[in-house]
Each structure stands twice: as structure tokens, then as C-alpha cells.
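Summary of the model geometry
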Amino acid sequence: MAKFTDIIGQEQLKEHLQNAIRAGKVSHAYIINGERCAGKEFIAGIFAMALQCERAEDEPCEECHSCKQAMSKNHPDIIRLVHEKPNTISVEDIRKQINHDIGIKPYSSRWKIYLINEGEKMTVQAQNALLKTLEEPPEYAVILILTTNVNTLLPTILSRCVVLHMKPVEDRLVKKYLMEEMRIPDYKAEICVAFARGNLGKAKLLAGNEEFDHIREEAITLMKYIGEMEINEIVGAIKKINEYKLEVNDYLDIISVWYRDVLLFKATNDANHLIFKEEIQYIKKAAGKSDYEGIENILKALEKAKSRLNANVNFDLTIELLLLTIRES
């Protein structure tokens, strides 16, 4: 599947790209800005494929030689920038793979398309090198910059590109996709939707990730019994969380959703709209023991813990502070 109709949500973005193809007004540079896993590469790939399609319509046909090459990621005129350093796109990467190559005319197509994924990793020098190309691109060149943070790009880069922002996909569309395309049962789809917050790619990853189920069970067990735990048991729980450093944001998101359920039940006394309906007896108990202010304090502490971990503050200390706040609230 590689057509604009396969993109779920993102109606404005799709419309903009298809209108550009239909009207013959394709820009020489685009920035697609959106969360990690949101589907930027998928959209850019479809746009590139449609531009190169031999039928020259606003949807790729998926059948011509060009489309088949694009689908196998083997198209000579769709070039994906690669970078050796995991966290940096260097000036040399831009010079070698774009600046020194862009002057050579397309091998077999109308366009020569460059895809720069993780554009936020471009150094200032790399961006300045790219700027030289953006100022005077050849008529056949299209550069697609995909980024999770448009604010890391220089204003001079932004001013020479069409900037397109991805929007969160509606929960009902994400749930429908998980249930129909991935055959995920209703209750699990709801949990994935709650964590993904409009990011379809993240929802798909969570739905197919057995490790996520394991993390969820551990986090919920901790929430059920934290009020009765001794300090040494809490320290043991921190060590357990430490095993999930790479997925710690998922772990904290699970706790956030748990306390949003507690808050919702406290306010409505209704279990129907809870994410963790099957844990109603524990949610009811937590709602009875905590006041509104205490639950709000926990939700704020969770966000604070996330930002501290993102800023590389000591892991054990951050989690210890968080769990003590939860226990006291």
C-alpha cells in the first residue's frame, strides 16, 4: 500500500501535496514536521513516488517501472540521505550526498528527489551548506526535510521551504485501524490509542509490542500496591524500572493514564469511560483515598519526571522522588 488514500488522517497535508502535483506547482523544498513514528517517511515516500510516476497523476499507480522501483526503495532518482553518526547529520553528509550530486540531471525521471530524515540532527554548518543549494536549486530538484522539531532549523532554511505540520490523528480512526488492519481486540486497541495520543505509528508499535504488555502489567501492579509498600520495596521497584530505561516514557505514560482514570472515576463515579476498566476495584479504592489536589500533584510530578529524564537528571533520584510523591498523595 503506497497511495495518498492509505494515509490515515492528515487531510490538509495530503490535500496540499496532491494539489501541488495537480496544478504543476511543486516547490523545490518541503519540511514535514511531526512526532517520531507519526508517518513522515511514509507520506514523503508516497509524494516522491507520485512525482516520479510515469502516469503523471496525483496518485502513484503502483504498477509502472518507476513506482515499482520506488516501492522497493531502489529508485535512482529518489535519494535518501544517510549519516554515519547516529545523532548528527554533518556538513560532509550534506556536501557529499546532496550538494555534489544535485548538479547531475535525473537518471530516468522528471525529478531528482532528496529525502533528509531526522532533519533536526543537521548541524548549523550542515544547514548552511544545504542553504546554498536551497537558494539556487536546479529546476528538477525537490528536497524533502523530515523533522520532529522544526524549531531546530535555521530561519533562513524555513523561509525557503514549504512547511507542513502533521496533526494528531483522531482516536476513533486510530482505533479503527488497529482493530481492522491489525486485528487487535477492542480493549487492547483502547489502551494503545490512549498512549499514542494521535500518533498512529506509535499506536501500531505498541499494539505489536509484547514488551509493552509486560511493562503495562508491571506499572499497574506497582500502582495497585504502592500505598502499602515499604521504602526498601519502592527501591526494588526503582531498580525494576531502571531495566526499562529505553521505554521509561511509556512506563510513565501508563502511570499517567492510570491516574487520569482515578481522576475521572472520582469525578463521575462511572467506569464506562475508563481505559483500565478491568482494574475498577483498585481505581475505586485509589479514588476514595486521594483528593483532587493529590491526583493533580501526581500528574504534575509525572510530567516533571519526564522533563528531568529528558534533561539527563539522575535516573534513580528522579524516579525515587516521583514514587514518593505518588505514595504521599
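To start, this report covers the structure provided alongside it. (Residues numbered from 1 in each chain as written. Predicted model: local features only at pLDDT ≥ 70, side-chain atom pairs only at ≥ 80, totals over all residues. Heavy atoms only, no water.)

Examining the overall build of the protein
Counting secondary structure elements, the protein contains 15 helices and five strands. With respect to the principal axes defined by its C-alpha atoms, the protein has extents near 70 × 40 × 30 Å. Within the protein, the proportion of its 329 residues that are buried is 49%. For the protein, the share of sequence-separated contacts (at least 6 apart) that also reach a separation of at least 24 residues comes to 70%. When the accessible area of the protein is evaluated, it comes to approximately 17,300 Å², of which 49% is carbon and sulfur surface. In the protein, 44 positive and 50 negative side-chain charges are present, and the distance between their average locations comes to 2 Å. (Helix = DSSP H or I, 4+ residues; strand = E, 2+ residues; numbered from the N terminus. Buried < 20%, exposed > 50% of the residue type's maximum accessible area, 1.4 Å probe, protein only. Contact = heavy atoms within 4.5 Å. Areas by Shrake-Rupley, 256 points an atom, 1.4 Å probe, with all protein chains shown as cover. Lys, Arg positive; Asp, Glu negative; His and termini not counted. Charge placed at Lys NZ, Arg CZ, Asp CG, Glu CD.)

Things to note about the packing of helix H7 (residues 171–181) against helix H8 (residues 186–196)
Look at H7 against H8: their axes get within 9 Å of each other, and the N-to-C directions meet at 135°. By the angle between their directions, the pair H7 and H8 is classed as oblique. The handedness of the crossing between H7 and H8 is right-handed. Side by side, H7 and H8 meet where Asp171, Val174, Lys175, Leu178 and Met179 of the first sit next to Asp186, Ala189, Glu190, Cys192 and Val193 of the second. When grouped by side-chain class, the residues that make up the contact of H7 with H8 number six nonpolar, no polar and four charged. (Axes fitted to C-alpha atoms, helices over the stretch in contact; angles between N-to-C directions. Parallel < 35°, antiparallel > 145°, perpendicular 65-115°, else oblique. Left-handed = near helix turned anticlockwise from the far one by under 90°. Nonpolar A, V, L, I, M, F, W, Y, C, P; charged D, E, K, R; others polar.)

As for the sheet that holds strand S1 (residues 29–33)
If you walk across this open sheet you meet the five strands as S2-S3-S4-S1-S5, and the pairing is parallel. Here the strands that pair on one side only, and so sit at the sheet edges, are strand S2 (78–80) and strand S5 (162–165). Recorded for the sheet is a direction-independent mean angle of 20° between the axes of neighbouring strands. Strand direction decides the pairing type here: strand S3 (residues 112–116) and strand S4 (residues 141–147), joined by five bridges, are parallel. Bridged to Leu115 within S4 is Leu144. Packed onto the sheet, helix H1 (residues 11–23) meets S1 and S5 and runs at close to 145° relative to S5. This element, helix H2 (residues 40–52), spans S1, S2, S3 and S4 of the sheet and lies at about 170° to S4. (Pairing = 2+ DSSP bridges.)

A closer look at the pairing of S1
Here S1 lies mainly inside the structure; five of its five residues are buried. Summarising the sheet, S1 and S5 pair through four bridges and their orientation is parallel. In the sheet register, Ile31 faces S5, and the bridge partner there is Val163.

What to know about the pattern of salt bridges
Applying the stated rule across the entire model yields 18 salt bridges. Linking Lys14 and Glu11 is a salt bridge whose minimum nitrogen-to-oxygen distance equals 3.3 Å. On the criterion of helical spacing, the pair formed by Lys14 and Glu11 is a turn pair, its members being three residues apart in helix H1. Its salt-bridge partner being Glu118, residue Lys121 comes within 3.0 Å of it at the nearest N-O pair. On the basis of relative accessible area, Lys121 is assigned to the buried category, the value being 19%. Glu118 gets classed as partly exposed once you look at its relative accessible area, which sits at 29%. One connected set of salt bridges, linked through shared partners, spans Lys175, Asp186, Glu190 and Lys277. (Salt bridge = Lys/Arg side-chain N within 4 Å of Asp/Glu carboxyl O.)

Looking at the packing of helix H12 (residues 248–268) against helix H15 (residues 315–328)
Closest axis-to-axis distance for the H12/H15 pair is 14 Å, and the angle between their directions is 10°. Considering the angle they form, H12 stands roughly parallel to H15. Contacts from Val248, Leu252, Ile255 and Tyr259 in H12 reach Phe315, Ile319, Leu322 and Ile326 in H15. Split by residue class, the contact of H12 with H15 holds eight nonpolar, no polar and no charged.

Function-wise, these values are silent; they only describe arrangement.
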